[in-house]
Amino acid sequence: MKALILVGGFGTRLRPLTLSVPKPLVDFANKPMILHQIEALKAIGVTEVVLAINYQPEVMLNFLKDFEAKLEIKITCSQETEPLGTAGPLALARDKLIDESGEPFFVLNSDVISEYPLKEMIEFHKSHGGEASIMVTKVDEPSKYGVVVTEESTGKVERFVEKPKLFVGNKINAGIYLLNPSVLDRIQLRPTSIEKEIFPKIAAEGKLYAMVLPGFWMDIGQPKDYITGLRLYLDSLRKKASPKLATGTHIIGNVLVDESAKIGEGCLIGPDVAIGPGCVVESGVRLSCCTVMRGVRIKKHACISSSIIGWHSTVGQWARVENMTILGEDVHVCDEIYSNGGVVLPHKEIKSSILKPEIVM
Amino acid sequence: MKALILVGGFGTRLRPLTLSVPKPLVDFGNKPMILHQIEALKAIGVTEVVLAINYQPEVMMNFLKDFEAKLGIKITCSQETEPLGTAGPLALARDKLIDDSGEPFFVLNSDVISEYPLKEMIEFHKSHGGEASIMVTKVDEPSKYGVVIMEESTGQVERFVEKPKIFVGNKINAGIYLLNPSVLDHIELRPTSIEKEVFPKIAAEKKLYAMVLSGFWMDIGQPKDYITGLRLYLDSLRKQSSPLLASGTNIIGNVLVDETAKIGEGCLIGPDVAIGPGCVVESGVRLSRCTVMRGVRIKKHACVSGSIIGWHSTVGQWARAENMTILGEDVHVGDEVYSNGGVVLPHKEIKSSILKPEIVM
């Protein structure tokens, strides 16, 4: 079985992290974002994943070689020469997605982190016999998204409403599709939107069905949602009683600590913290609602909350970092510095406090 | 004869331009910054240039291959594994700088644009017979820099004063040196400052001499000084009656236009403008004191001043960009949008006006 992951553009919303690596390779809960999806696909028997990309293909290809070997799944790239939107890339990758088996193929949006109930989706797809299945998720503020209006009992999709002003429903497109090969006949090789051009046509023919995603869902393409997404993800690990979650007197709530990371005496870590490989958290440090990426050193007595600390950065002694501070790669916050929402580009030293949210370039 | 160009770090002050290329390859006066220096060195007979770098060596190496061939000069890299300061790189490149000829070698700072009176400097060096010569330049605000105190008649350097609070002199280190090989014996392979550790020792032995730079000098490592530097550079082209300067009824003052650029009807260009290869300036455009890099399109009736427009960007119809607006690579300013000092990272679209200076990421 095959799958396509829409990787797309420049990842500008996740800057400064995406100034160092392309977005799919930004770590989330201690592994590259895209690995969460590739592993979920492999787990249900997908043998080939096609990445639809248009930016930094060399970096992606290097990464892929590593993971192809480790995961034993075939990973290829389909490179757009012009941005093809959310449907065009499927047409571009046509030859890779269709084979004689006639099986349906998955399409995933690379920004999405969720439970990935892909096995259930295959069953759902078989049972309704339609041409395409999409996963939908319930949200509190549907007016910001594209709402999918469905017949409750069958899940048959009636229509899509972009950013509705009146309440028409609270289920939105979760960016996970299971499509019959015949869908590709509907998509031309040009910039095309799957939500605005393709799905409405299939829905009008009564052949598009939506399944409500159980469990968590988050589009982690921007820092605020990345941090919320981590909370949801760790919460789902807790529900499965995952052995990966850290335990100990210095741990509060859900915390992930890579086995190669070191944590000093007298620390208080959590809730909702991920500490990556090779990190050193010195003694007396307080961390909550934050991600600490590979190779970071947090010095003694520092206090970090609701922030993302990028690869190989350091946070100084007694430093206080909070309120959506995002440190890019190799950023060094000096001792006793305060950062209130500083967004710092890579290879910088912060020697004076950042009192209100701002970009430091 | 040989030369070393200190290329050094991350070029963070010239972001967002340096998010696309390493600083020495940022264009100035329609050619990569470092090419100005390499050409000046070749012109006086230097046969080998060593670039002391510590960032993005692959990008630099690719560039070098192109230019080695075109210029007929040998260009090599000396890569620092840790930042070695302003003197350490010389020790690292020792074997490349010394040969049996015993000739002195030049050291240039890659951020500096100037007249490069290198032939005169060789004569000066021979005439005083000291161990090292440095170029100094007069500035209005010496308190921001390292001031060089010297004996007026001979140029013999007495001492250096970093950022003096009271007036001690107005000549600062211009970042151009001519050194005897014996200077390398004074430098250890560790992070070292040439101004703070090496030169003061040579000055104490009365073997360091300073020559006052005639003509313009500018450290163009940050946008404000880049724009001032362009004015000085174009002014020096005018003094040499350079055929490179554009002429015509639509040109005011000193303007450089690449031969592959197109300028439409009814434009008014200048003073102090550089328009790069492949640019398209549509009709009715006003440009003053700005740099327009390779592949940029400026649409009809737009007005750009005091700004830098990065490679392959576009400025929309009737758009106004001024007051140190810096557009990174591939930035698209919508029609009728106003930017007052917007600093925009690469691959962005600006759809609404930027009313006060800010970074757009």
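Here's a quick rundown of the structure. All figures in this text were calculated on a predicted structure; none of them were measured in a lab.

## Quick look at unusual backbone geometry
Residue and element names in this part refer to chain A. The omega angle of the peptide bond from R15 to P16 is 5°, so this bond is cis rather than trans. Following the sequence through the fold, P16 ends up in the loop between β1 (2-8) and β2 (27-28). Looking along the chain, the bond that leaves G270 and enters P271 is cis, with omega of 5°. In this fold, P271 is placed in the loop between β16 (268-269) and β17 (273-275). Not every positive phi belongs to a glycine, and D272 is a case in point at roughly 60°.

## Side note on the sheet that holds strand β30 (residues 348-350) of chain B
Residue and element names in this part refer to chain B. What the 6 strands build is an open sheet, ordered β15-β18-β21-β24-β27-β30; its pairing is parallel. Looking at which strands have only one partner, the edges of the open sheet turn out to be β15 (262-263) and β30. Bridge count for strand β18 (residues 280-281) against strand β21 (residues 297-298) is 2 bridges, and the pairing is parallel. Bridge pairing in β21 links V281 to I298.

## Some details on the packing of helix α1 (residues 33-43) of chain B against helix α2 (residues 57-71) of chain B
Any two packed helices are characterised by how steeply their axes cross, that is the angle between the axes, and by the distance between the axes. All names here are of chain B. At a minimum axis separation of 12 Å, α1 and α2 run at an interaxial angle of 30°. Classified by chirality, the crossing of α2 by α1 is right-handed. Two secondary-structure elements touch here, α1 through I34, L35, I38, E39 and K42 and α2 through F63, F67 and L71. Residue classes in the contact of α1 with α2 are distributed as 6 nonpolar, no polar and 2 charged.

## Section: the packing of aromatic side chains
For the coordinates displayed, the defined rule picks out 12 aromatic pairs over all chains. Between the aromatic rings of F28 of chain A and Y226 of chain A, the centroid separation amounts to 5.3 Å while the plane-to-plane angle is 85°, which identifies the pairing as edge-to-face. With F28 of chain A in strand β2 and Y226 of chain A in helix α7 (residues 223-239), this pair connects stretches of sequence that are 198 residues apart. Taken individually, F28 of chain A and Y226 of chain A each receive the classification buried, so the pair is uniform in this respect. Taking the centre distance of 4.9 Å and the plane angle of 85° together, the rings of Y177 of chain A and F199 of chain A count as edge-to-face. In this pair, Y177 of chain A is assigned in strand β11 (residues 171-179) and F199 of chain A in helix α6 (residues 194-204), connecting sequence segments 22 residues apart. Per residue, the accessibility class of Y177 of chain A equals that of F199 of chain A, and both read buried. By the ring-pair criterion, three or more aromatic residues cluster together here, those being F28, F216, Y226 and Y233 of chain A. One Lys or Arg, K70 of chain A, reaches over the ring of F67 of chain A and ends 5.2 Å from the middle of that ring. The positively charged end of K70 of chain B is found above the aromatic ring belonging to F67 of chain B, 5.2 Å away from the centroid.

Definitions and cut-offs
- Residue indices follow the written sequence of each chain, beginning from 1 at its first position.
- Following the order in which they are written, the chains are lettered starting with A and the ligands numbered starting with 1.
- For this predicted model, a pLDDT threshold of at least 70 governs which residues receive local features, and a threshold of 80 or more governs which side-chain atom pairs are given and counted, while totals over whole chains, interfaces and linings are taken from all residues.
- In computing side-chain properties, one takes all heavy atoms of the structure into account and sets aside hydrogens as well as water.
- Here a strand is any run of E in DSSP of at least two residues, a helix any run of H or I of at least four, and the numbering for each starts at the N terminus.
- The pairing criterion for strands is at least two bridges between them, as found by DSSP.
- Every axis corresponds to a line fitted to the C-alpha atoms, with the helix fit spanning only the stretch in contact, and the corresponding angles, defined between N-to-C directions, vary from 0 to 180 degrees.
- Should the near helix be turned counterclockwise from the far one by less than a right angle, the crossing is left-handed, whereas a clockwise turn marks it as right-handed.
- Here a residue-residue contact requires only that any non-hydrogen atoms of the pair lie within 4.5 Å.
- In this count, Pro and Cys sit with the nonpolar residues alongside Ala, Val, Leu, Ile, Met, Phe, Trp and Tyr, while Asp, Glu, Lys and Arg are called charged and the others, Gly among them, polar.
- Think of it this way: a Phe, Tyr or Trp ring, Trp meaning its six-membered ring, pairs with another when their centres are within 6.5 Å, and the plane angle makes it stacked under 30 degrees, edge-to-face over 60, tilted otherwise.
- The classification of residues rests on relative accessible area computed with a 1.4 Å probe and restricted to protein chains. Under 20% of the type maximum is buried, over 50% is exposed, and intermediate values are partly exposed.
- Two thresholds decide whether a charge sits over a ring: the Lys NZ or Arg CZ must be within 6 Å of the ring centre and within 35 degrees of the ring normal.

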